[in-house]
Amino acid sequence: MATYFIAGASRGIGLEMARQLRAGGHEVIGTVRHADAGAELKAIGARVELLDTADEGSVQALIRRLNGLAIDVLINNAGVYPDRDCKSMFEVTTAQMMEGMRVNVCGPLLVTRALAGNLERGGRKLAVQITSYMGSIGRAMADNAKGNLAYRSSKAALNMVNALMAHELAERGLSSVAVHPGWVRTEMGGPEAPLSVEQAVGRILATVATFTRAHNGKFIDLDGRELPW
Ligand SMILES: NC(=O)c1ccc[n+]([C@@H]2O[C@H](COP(=O)([O-])OP(=O)(O)OC[C@H]3O[C@@H](n4cnc5c(N)ncnc54)[C@H](OP(=O)(O)O)[C@@H]3O)[C@@H](O)[C@H]2O)c1
């Protein structure tokens, strides 16, 4: 049995992770932005914490409430898709670009460094950054991709942050792995996505269970395959 901390567990992939981990007998701390979004988490026996991952004050308040608790695995799942319908570099706004950077890049950085001490006290010593293949520059080049600049560039930046954090975290005996969860039918993924949230999360958690120090800094898909940067 391990203790998992899931940032962004009110719905979608994060909530399903909490469900499957609790069903497997693990302890789960799941975060929500608004107290009324935690009812489902509470019902499955998770500890619910309030957190806006991109707000430094909110992160610091959470750390004080955790009071040094040992955490085995941190999953930075919270994310936004600020320019889902924006298919051109001529249309994306500065506000969309900044929102992607704020939540998808600064959030995982703030939460990972704040929880590093808790992870040091845990057994797995692992941080997982939920990224996206849409952040792969190699894939964007191969696919002649256009549009969604805010989302794609924020996930590419998260991949870089993951790689850089991995080097420093290794000095403290910790690892960080960037994981693409697949294209999943959630509010973000939409109804056309091929994977149900149950299928995707089952595969993600099975892959996360295989991670060792050798995965530190890597960019990996839900089945454990390495993705091009
Ligand atoms: N679905 C896909 O096909 C897909 C594909 C590739 C990558 N991903 C990645 O997978 C992760 C989960 O996606 P999803 O499909 O489950 O999305 P979702 O259904 O839209 O859920 C997003 C979650 O992130 C939380 N969140 C957003 N901003 C936050 C903030 N500032 N602080 C704390 N929590 C915040 C949301 O909380 P609220 O309820 O409070 O808004 C919600 O719990 C994201 O990082 C996403 O980029 C998804």
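Okay, so let's go over this structure. Note that the coordinates shown come from a computational prediction; the quantities given were computed from them, not determined experimentally.

**Quick word on the pattern of salt bridges**
This structure, assessed with the given rule, holds 13 salt bridges. R11 is paired through a salt bridge with E187; the nearest N and O atoms lie 3.3 Å apart. You can see R11 sitting in the loop between β1 (3–7) and α1 (12–23) and its partner E187 sitting in the loop between β6 (175–180) and α7 (197–208), a full 176 residues away along the chain. R11 sits in the partly exposed class, given a relative accessible area of 45%.

**Description of unusual backbone geometry**
Although it is not a glycine, K125 sits at a positive phi angle of roughly 55°. Within the secondary structure, K125 sits in the loop between α4 (94–121) and β5 (126–130). K125 gets classed as partly exposed once you look at its relative accessible area, which sits at 23%. The backbone phi angle of N148 is positive, close to 50°, even though this residue is not glycine. The topology assignment puts N148 in the loop between α5 (137–142) and α6 (149–170).

About the thresholds
Residues numbered from 1 in each chain as written. Predicted model: local features only at pLDDT ≥ 70, side-chain atom pairs only at ≥ 80, totals over all residues. Heavy atoms only, no water. Salt bridge = Lys/Arg side-chain N within 4 Å of Asp/Glu carboxyl O. Helix = DSSP H or I, 4+ residues; strand = E, 2+ residues; numbered from the N terminus. Buried < 20%, exposed > 50% of the residue type's maximum accessible area, 1.4 Å probe, protein only.

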